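# Chain and residue survey
Here's the letter readout for the chains.
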Amino acid sequence: MADYLVKIEDNIISVDLINTNKIKINDKEIQFDLKFKDEECYLTYKNKSFEATVLSQSESFVVVSINNDIYEVEVKDRIVQLSEKFTKNKDVKAKQVIVRAPMPGLVLKILVNVGQKVEKGSSLLILEAMKMENEIKTNNAGIVKEILVKEKTAVEKGDILIVIE
Amino acid sequence: MKKIKKILIANRGEIAVRVIRTCKDLGIRTVSVYSEIDQNLPHVRLADEAYCIGRATPAESYLNKQKIIDIALKAQVDAIHPGYGFLSENSEFSKMVQDAGIIFIGPPPEAIEKMGDKISARRLVSAASIPVVPGTDAPVMDLNQAIEFGRKYGYPILLKAAGGGGGKGMRIVKMESELTSALRSAQSEAQTAFGDNRIYIEKYLENPRHIEFQILCDSYGNGIHLGERECSIQRRHQKIIEESPSVIMTPELRDKMGRAAVKAALSANYRNAGTIEFLVDKQSNFYFLEMNTRLQVEHPVTEMVTQIDIVKEQINIAEGNPLSYSQSQINFRGHAIECRIYAEDYENNFLPSIGKIKKLKSAAGAFIREDRGVDEGNEISVYYDPMISKLIAWGETRDIALKRMQRALEEYKLAGIKTNINACKWILNHKKFVEGDFDTHFIENYYNPEIIKNKRDEIIEAIAIISTIYLNNQKASYDHTIKNKDVSKWKSKKLEYFR
């Protein structure tokens, strides 16, 4: 088992820490130099340099901004990897997708009903923000399990709008 | 004729900064106004005086006409510059300013009324024998009228708000069955955005280019144009990349369209700077679309190719002087391009994104200009337009300008909020854009967010290294704290083991 299992978008990478200038990525040793200034990071490796900012962090998640893109990174240490191994077989619950408000605004219209089947890209509701009507779409196909907002109500950024299963 | 010595800028962000800069160049004193949440913005710092005008909601601050005029009187300014957006195209405000004995740096109220109302503008310019897109010359009162129009001219048709632009209250209708809901939602959006739910209908031109002309008119009936801006690269009906000249422009066509633009403006007894927008089809037929009776967001590209400071000319005209240039004195040199950097999520339909700018490293170098109204540490809020910055590059040729813009975008580093920087880079690299073969449907035809985000192995590896080391360091310092506190043996051992 690797020290860390890192998930970035669709990539899963194993990482082993060797010392402050050496790391193993997918079992390949890499030399690097990394300096931090609070949340700012300056990395050089393979003769390339990168500049990144850690935007937020929790027990096993880091949000990193690099090259003007934002990446949500899941970092599983040994404990998490082990516990996942044990619970894997019991985890038969269907995967839920939570649709959150991308910005504060007013729910103008809800376009789906509970129990309705939705496809990837289906419009779920119309959120008015910044004087624009924005269609909130889903990235996942599934069944609408729960609708947690009502039309004409205000929502904050990050509020759960709809749960798809 | 009155010399302007002090100006209040009734706006915020980058355009307020832009106007203040020219005022400083001219030795004119400046007054900024700001809403409570904007107190820490650059436009407040840069002005000679700054006044808080109320809460964040535009209606309580930047749209509060009386309050702005009261401050202008108190600060004893000679003139008010409205920037763009907010009160810039509000004829009532222009009149109130005038009545208060203050110069409005912009057109007279009558001209704003004539040109600001899109329906009356269409009537006016078609009377001056300038071609317009077929459309209703009165607001559509009911669904039947809309249905009738669609049957007469054929689909697609375009619903547009009579009261304002910016893509608000605008809907493309591809077939009759979509008309009912499209009309209803356009009306409600227009009502919210402009307090005016009147909608009119136009035949929707397929694959047009959006090309506009910058014009200047003085108080003596003189008008000139400063050439065109190609603004076809749009998303959500809002421009993101503009350039001058347009790749399709010839000196003959420029002359023809420029004359039409000046004629259109003079037909409304226009004064000061303005923009005439045209749609241009594949055969280079052009149709008047609308007039913007104000300084335009993308005016810097014109400044770069003409070397004319448009804000300076606005002030000159407002002082009652004749135009500083005749048409034959206007020369175009090289190529300029502008990218608007927005706080938005290019992976999710360009939805606005908000938050604090944690890091901002701008671009510099030869022939790069930046107009920006926020700094590192400032917030992009839900209350105002989410534009962060305008980057402008100039080159002797289009190719050189494009390369310089690429270089600037690569230097630019912004963290904390999602931006469209990488989407701009993608557009600039796109074969069709580089070849100049595009129209207003460029984004919907070619855009695919999935290919923009950098997923090269080296980036992914870099992120993996940074994330693990960062978290590991955090845990290490946490362990350290716990050890020093001498907690139970079991806990520290466990942490030690997994370190």
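Within any chain, residue numbers begin from 1 and follow the written order of that chain's sequence. For this description, chains carry letters from A and ligands carry numbers from 1, given in the order in which they are written. For this predicted model, a pLDDT threshold of at least 70 governs which residues receive local features, and a threshold of 80 or more governs which side-chain atom pairs are given and counted, while totals over whole chains, interfaces and linings are taken from all residues. With hydrogens and water stripped out, all remaining heavy atoms of the structure feed into the side-chain values.

## Here we look at the overall build of chain A
Selection criterion: Each helix is a run of DSSP H or I of at least 4 residues and each strand a run of E of at least 2, with the numbering of both proceeding from the N terminus. Radius of gyration here is computed from C-alpha atoms only, and the compact-globule reference equals 2.2 Å multiplied by the residue count raised to the power 0.38. Buried, partly exposed and exposed residues are distinguished by accessible area as a fraction of the type maximum, computed with a 1.4 Å probe on protein chains only: under 20%, between the cut-offs, and over 50%, respectively. Whether two residues are in contact is decided by their heavy atoms: any pair within 4.5 Å suffices. Method for areas: the Shrake-Rupley scheme with a 1.4 Å probe, in which residue coverage is limited to the protein chains shown. Counted charges follow a simple rule, with Lys and Arg positive, Asp and Glu negative, and His plus the chain ends left uncounted. Taken as the charge centre is NZ of Lys, CZ of Arg, CG of Asp or CD of Glu, depending on the residue.
In terms of helices and strands, chain A carries 1 helix and 17 strands. Against the 2.2 N^0.38 benchmark of 15 Å for 165 residues, chain A shows a C-alpha radius of gyration of 20 Å, more extended than a compact globule. Principal-axis analysis of the C-alpha atoms places the extent of chain A at approximately 55 × 45 × 25 Å. For chain A, the proportion of its 165 residues judged to be buried stands at 42%. Of all intrachain contacts in chain A linking residues separated by at least 6 positions in sequence, the fraction that spans at least 24 positions is 40%. A total accessible area of about 9,500 Å² is found for chain A, and carbon and sulfur atoms account for 48% of it. The average position of the 25 basic charges and that of the 27 acidic charges among the side chains of chain A differ by 4 Å.

## Digging into the environment of Val132(B)
Residues and elements named next belong to chain B. Here Val132 shows up in the loop between helix H6 (118–127) and helix H7 (143–153). For Val132 and Thr306, which are 174 residues apart along the polypeptide, the C-alpha to C-alpha distance reads 28 Å. In this view, Val132 contacts Arg122, Val125, Ser126, Tyr287 and Phe288; residues no more than four positions away in its chain are not counted.

## Notes on the pairing of strand S6 (residues 157–161) of chain B
Residue and element names in this part refer to chain B. As a reminder of what qualifies: Strands were regarded as paired on the criterion that DSSP finds at least two bridges between them.
Counting buried positions along S6 yields 5 of 5 residues, so the element is predominantly enclosed. Of the two faces of S6, both are covered, the one formed by Ile157, Leu159 and Ala161 as well as the one formed by Leu158 and Lys160. For S6 and strand S7 (residues 171–173), the ladder comprises 3 bridges, and the chain directions are antiparallel. Its bridge partner lying in S7, Leu159 is registered against Arg171. One ladder, built from 5 bridges, connects S6 with strand S8 (residues 199–203); its direction is antiparallel. Looking across to S8, one finds that Leu158 is bridged to Glu202.

## Quick look at the domain arrangement of chain B
This is how the line gets drawn: Source of the domain bounds: an automatic or database domain assignment.
When cut into domains, chain B gives domain 1 (6–105), domain 2 (134–203), domain 3 (209–451) and domain 4 (458–498). Between domain 3 of chain B and domain 4 of chain B, the C-alpha centre-to-centre distance is 50 Å.

## Side note on the sheet that holds S8(B)
Residue and element names in this part refer to chain B. Applicable threshold: To get an axis, fit a line to the C-alpha atoms, keeping to the stretch in contact for a helix; angles then go from 0 to 180 degrees between the N-to-C directions.
What the 3 strands build is an open sheet, ordered S7-S6-S8; its pairing is antiparallel. What marks the edges here is a single partner per strand, and that holds for S7 and S8. Going from strand to strand, the sheet's axes swing by 25° on average, the running direction of each strand aside. Strands S6 and S8 of the sheet are contacted by H7, whose axis makes an angle of about 10° with S8.

## As for helix H4 (residues 91–99) of chain B
The periodicity of an α-helix, 3.6 residues per turn, causes residues three or four places apart in sequence to face the same way. All names here are of chain B. Where we set the bar: What the arc measures is the spread of directions leading from the helix axis to the C-beta atoms. Here a polar contact means two N or O atoms within 3.5 Å. Within protein one must be a hydrogen donor candidate and the other an acceptor candidate, and residues neighboring in sequence count only if both atoms are side-chain atoms.
Ser91, Phe93, Ser94 and Val97 are the residues of H4 that are buried. Buried residues along H4 cover an arc of 160° about the axis, so they all sit on one side. Looking at the buried residues of H4, the elements they touch are helix H3 (65–74), strand S4 (79–81), strand S5 (103–104) and helix H5 (109–116). Between a side-chain oxygen at the N-terminus of H4 and the backbone nitrogen of Glu92 the separation is 3.1 Å; the capping residue is Asn90.

## A few points about the nonpolar core
Here is the rule: Only buried residues count toward a nonpolar core, which is a set of Ala, Val, Leu, Ile, Met, Phe, Trp, Tyr and Cys residues joined through side-chain atoms within 4.5 Å.
The biggest cluster of nonpolar side chains holds 69 residues, and the ones touching the most others in it are Ile7(B), Ile337(B), Ile388(B), Leu409(B), Ile427(B) and Phe433(B). Of the residues forming this core, the biggest block, 6 residues, is contributed by helix H13 (residues 421–429) of chain B. Counting contributing residues, this core receives three or more from each of domain 1 (6–105) and domain 3 (209–451) of chain B. Every residue in contact with Phe433(B), bar those within four places of it in the chain, is listed here: Ile233(B), Ile241(B), Glu243(B), Ile337(B), Arg398(B), Leu402(B), Ile427(B), Leu428(B), Phe438(B) and Phe442(B). Tyr4(A), Ile23(A), Ala462(B) and Ile463(B) belong to the second-largest nonpolar core, a separate cluster that totals 32 residues.

## Here we look at the pairing of strand S1 (residues 6–9) of chain B
Residues and elements named next belong to chain B. Quick reminder of the rule: When the strands point away from the viewer and the connection leading from the first strand across the helix to the second strand turns clockwise, the crossover is called right-handed.
Burial along S1 is two-sided: Lys6 and Leu8 facing one way and Ile7 and Ile9 facing the other are all buried. For S1 and strand S2 (residues 29–35), the ladder comprises 4 bridges, and the chain directions are parallel. Opposite Leu8, over in S2, you have Val31 as the bridge partner. Once the chain exits S1 it traverses helix H1 (residues 13–25) before rejoining the sheet at S2, and the crossover so formed is right-handed. Bridge count between S1 and S4: 3 bridges; the pairing is parallel. Bridge pairing in S4 places Leu8 opposite Ile80.

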